[in-house]
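# Coordinate analysis (summary)
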Amino acid sequence: MEHILLRHREIPDINTIIVYKKNGGLDAFRNAVTRMKPNEVTDVVKNSGLRGRGGAGFPTGMKWAFIDNKNWPHYVVANADESEPGTFKDREIMEGNPFQFLEGVALACYAVGANAAYIYLRGEFWELAAFLDEKIAEMEEAGYLGDKLFDTDYSLKIYTHLGAGAYICGEETAMLESLEGKRGQPRVRPPFPPSYGLYGKPTIVNNVETLTNVPLILANGADWYKSMGTADSAGVKIFSLSGRVRKPGNYELPLGTTFRDLIYKYGGGVQDSRSVKAIMPAGASSSLILVDDDKILDTPMDYATVRTLGADLGSASVIVVDDTVSMDWLINKTIHFFKHESCGKCTPCREGTYWMSHLTERIHEGKGTTADVDLLLNVAKQMQGKCLCALGEFSTMAVVTGIERFPQDFNNAVSKA
Amino acid sequence: MSLAKKYPKEVKQILSKYPPEHKRSAVMPLLFLAQREEGYINKASMQDIARMLDITETDVAAIVGFYTLYHDKKEGKYRMQVCTDLPCALRGAEEFMESLCGNLGIKVGETTPDGFLTLEAVTCLAACDKAPMFQTQGPDGIKYHENMTVDRTMELLSVLKRSGREVE
């Protein structure tokens, strides 16, 4: 199947404006601005069934329709903070197929009446930000960004903005705070960004991959997009495959592809021909799927079906864990991450990740007891449902499912004490 | 010297990105600019940025303290930031780091005696399929180095030291 997002894999030099345009690029944007009403653009996206690819899976068109039209100006912010351990898809899109992403940003702006968009890139994407600045300048020069586009009254500017190393800024309200020049700490929601966003103005925040789908949806129609994937989860998804597989990387596949196909057919199987012990389908934020029965690998990866395994598909960053790995080591890793990245605003997350890290470290070092494992589970469960944003909640997922689904690993770890 | 005097073009370009009434948004890019030469941000720069944006010095210091890519004290000219997070660790990042420490003769968090390099362990850099990997943070910004071996890393460092250029 030809790629829809990672088109640079088939079309050389699609990261130049000439080649992008030769392949139909920017026609959808020109057509929208000159021939469509903004709400018609939103309707096409709504009908396509496209859902947010950043992790939450919220219907994109519905989000756009929430924009508050009584309060102006409006903004679009592209979430290019890509910081979830196991996720590395947005970087490839922006490097390989930058104009399709930028056209997606432009279409989102037109649909919600925004005249300015910010691309918030994680600070580490330093070189990529400079690269995108060049691409934005090329679009301006070619008349696709700027004042009074295509002789209409519509004007648009796109800017890049670099973060500086904070996972929490991937949370949309923390991102907006950061963009306003403050510490990246989440806001209390509601109000949600479509009514109260950047500078207190209505704002749509979308992930890079989500936006990159939009130009082809406009060009080929909602039905074309819906014909791929499943009824619940339309379209294609980039699965970032990592961990103990032979061929890690990004694989763009229809939603509903099985874990087995991803890991064995595309990923070349498990290193050293070991067996899969666990899968984290949504990066470090994921619940651990226990693979104690080979049939589990035949589960289709779509938003609804992955839930039946007691996990979420999230951003589809599939980390494969083989049978050489013990879960006490694994959760010590994930908790170290979340403790480091907790923004410190709300008590359950700040204190919870701190105390969990003491416990996971002690257990992993072989100095823990059964009581420590019980306490760890207890702390994790006390945090659930009480944190200001999803980060705190995410930190507990691997801990709870690790202890509950892999009790033997923890029995072994504490028996060393 | 103030940032506006030292880098007039860059400061103007940064401020032009944000609505004038929300110029506070420029604090992050201005801090990167202030950090460019020395690799850290001193008190005078924070005061300078605070004045430029009509915010307090505490507001600026709070940003410096919150984000990991800003530094408030002088360390190595280059920082080598190795990802040792879960996906990289599943592909040998911890062994890579250990071996690197042995070769450099320093521990994680330490700086080489000649002040050239500070070695740091960092969380996910979105290159999980290309582990072991690290980024360097130095006078020319941030650069990724992926699918690395210890030998290639040591080679990279010796070229960097000699020529100031990062080539593998």
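Residues numbered from 1 in each chain as written. Chains lettered and ligands numbered in written order. Predicted model: local features only at pLDDT ≥ 70, side-chain atom pairs only at ≥ 80, totals over all residues.

Here we take up the overall build of chain A. The helix and strand inventory of chain A stands at 17 helices and nine strands. The globule rule puts the C-alpha radius of gyration for 417 residues at 22 Å, and the 22 Å found for chain A is close to it. C-alpha extents for chain A along the principal axes are approximately 75 × 45 × 35 Å. Counting over 417 residues, chain A shows a buried share of 59%. For chain A, contacts bridging at least 24 residues in sequence account for 71% of all contacts bridging at least 6. (Helix = DSSP H or I, 4+ residues; strand = E, 2+ residues; numbered from the N terminus. Rg over C-alpha atoms; globule rule 2.2 N^0.38 Å. Buried ≥ 20, exposed ≤ 12 C-beta atoms within 10 Å, placed from the backbone. Contact = placed C-beta atoms within 7 Å.)

Moving on, we get to the sheet that holds strand β3 (residues 134-138) of chain B. Residue and element names in this part refer to chain B. Pairing is mixed in the open sheet, where four strands are placed in the order β2-β1-β3-β4. The open sheet is flanked by β2 (117-122) and β4 (141-145), the only strands paired with a single partner. In this sheet, adjacent strand axes meet at a mean angle of 20° when their direction is disregarded. Across four bridges, strand β1 (residues 78-83) lies against β3 in antiparallel orientation. Residue pairing for β3: Arg-79 is matched across the bridge by Gln-137. (Pairing = 2+ DSSP bridges. Axes fitted to C-alpha atoms, helices over the stretch in contact; angles between N-to-C directions.)

So, on to the interface of chain A and chain B. Chain A puts 37 residues into the contact, and the matching count from chain B is 32 residues. Elements supplying a minimum of two residues to the side of chain A that touches chain B: α7 (126-141), β3 (157-162), β5 (236-243) and α13 (327-341) of chain A. Of all the elements, α13 of chain A adds the most residues to the side of chain A that touches chain B, at six residues. Taken together, the residues that form the side of chain A that touches chain B break down as 15 nonpolar, 13 polar and nine charged. (Nonpolar A, V, L, I, M, F, W, Y, C, P; charged D, E, K, R; others polar.)

Turning our attention to the domain arrangement of chain B. For chain B, the assigned domains read domain 1 (3-66) and domain 2 (78-163). Centre-to-centre separation of domain 1 of chain B and domain 2 of chain B, based on C-alpha positions: 29 Å. (Domains from an automatic or database assignment.)

Residues and elements named next belong to chain B. Look at helix α4 (residues 43-53) against helix α5 (residues 57-66): their axes get within 8 Å of each other, and the N-to-C directions meet at 120°. Our classification of the angle between α4 and α5 gives oblique. In the crossing of α4 with α5, the sense of the turn from one axis to the other is right-handed. Listed contacts from α5 to Met-46, Gln-47, Ile-49 and Ala-50 of α4 are Glu-57, Asp-59, Val-60, Ala-61 and Val-64. Partitioned by chemical class, the residues of the contact of α4 with α5 number six nonpolar, one polar and two charged. (Parallel < 35°, antiparallel > 145°, perpendicular 65-115°, else oblique. Left-handed = near helix turned anticlockwise from the far one by under 90°.)

Note on interface size: it is often stated as the accessible area lost on association of the parts. Residue and element names in this part refer to chain A. Looking at chain A, the domain boundaries give domain 1 (7-226), domain 2 (236-322) and domain 3 (327-415). On a C-alpha basis, the centroid separation for the pair domain 1 and domain 2 is 28 Å. Residues belonging to the side of domain 1 that touches domain 2 are distributed by class as follows: two nonpolar, five polar and five charged.

Attention now moves to the sheet that holds β5 of chain A. All names here are of chain A. Here five strands make up an open sheet; going across it, the order is β6-β5-β9-β7-β8 and the pairing mixed. Across the chains shown, the open sheet's two edge strands, defined by having one partner strand only, are β6 (249-254) and β8 (289-290). In this sheet, β8 lies alongside strand β7 (residues 276-280) in antiparallel orientation, the contact comprising two bridges. Bridged to Ala-278 within β8 is Leu-290. On the sheet, helix α11 (residues 259-266) packs against β5, β6, β7 and β9 (317-322) and is oriented at approximately 135° with respect to β6.

Before going further, it helps to examine unusual backbone geometry. Backbone torsion omega between Arg-189 of chain A and Pro-190 of chain A reads -5°, so that peptide bond is classified as cis. Looking at where Pro-190 of chain A falls in the secondary structure, it is placed in the loop between α8 (172-179) and β4 (203-207). The omega torsion of the bond from Ala-131 of chain B to Pro-132 of chain B falls at -5°, within 30 degrees of zero and hence cis. In this fold, Pro-132 of chain B is placed in the loop between β2 and β3. If you check the backbone angles, Tyr-199 of chain A has positive phi at about 55° while not being a glycine. The residue Tyr-199 of chain A is located in the loop between α8 and β4 in this model. C-beta crowding within 10 Å serves as the criterion here: with 17 such atoms nearby, Tyr-199 of chain A is assigned to the partly exposed category. We note that Ser-273 of chain A has phi near 50°; this positive angle belongs to a residue other than glycine. Positionally, Ser-273 of chain A belongs in the loop between α11 and β7. C-beta crowding within 10 Å serves as the criterion here: with 8 such atoms nearby, Ser-273 of chain A is assigned to the exposed category.

Residue and element names in this part refer to chain B. Counted residue by residue, β1 has six buried out of six residues, so it is predominantly covered. Residues Tyr-78, Met-80 and Val-82 line one face of β1 and the alternating positions Arg-79, Gln-81 and Cys-83 line the opposite face, and both faces are buried. Across six bridges, β1 lies against β2 in parallel orientation. Residue pairing across strands places Val-82 opposite Ala-121, the latter belonging to β2.

Here we take up the nonpolar core. All names here are of chain A. Val-76, Val-77, Val-105, Leu-107, Ala-108 and Ala-117 are the most contacted members of the largest nonpolar core, which has 179 residues in total. Ranked by residue count, the leading element in this core is helix α6 (residues 98-112), at eleven residues. With residues up to four places along the chain from it excluded, the contact list for Val-77 reads Ala-117, Tyr-118, Tyr-120, Met-175, Leu-176, Leu-179, Leu-198, Thr-203 and Val-205. (Core = buried A, V, L, I, M, F, W, Y, C linked by C-beta atoms within 7 Å.)

A separate point is the pairing of strand β1 (residues 74-80) of chain A. All names here are of chain A. Counting buried residues in β1 gives seven out of seven residues, a clear majority hidden from the surface. Side chains His-74, Val-76, Ala-78 and Ala-80 of β1 all project onto a buried face; the interleaved residues Tyr-75, Val-77 and Asn-79 project onto the opposite face, where all are buried too. Here β1 runs beside strand β2 (residues 114-121); their pairing, made up of seven bridges, is parallel. Within β2, the residue paired with His-74 across the bridge is Ala-114.

Let us look at the environment of Ile-158 of chain A. Residue and element names in this part refer to chain A. As for its placement among the helices and strands, Ile-158 is situated in strand β3. Sequence spacing of Ile-158 and Ser-227 is 69 residues, and the spatial spacing of their C-alpha atoms is 32 Å. For Ile-158, the residues in contact, after removing those within four places along its chain, are Leu-102, Val-105, Ala-117, Ile-119, Ile-136 and Leu-145.

Residues and elements named next belong to chain A. Locating Ala-311 in the fold gives a position in the loop between α12 (303-307) and β9. The class of Ala-311 is buried, set by 20 C-beta atoms lying within 10 Å. Distance in space between the C-alpha atoms of Ala-311 and Leu-216 is 30 Å, their sequence separation being 95 residues.

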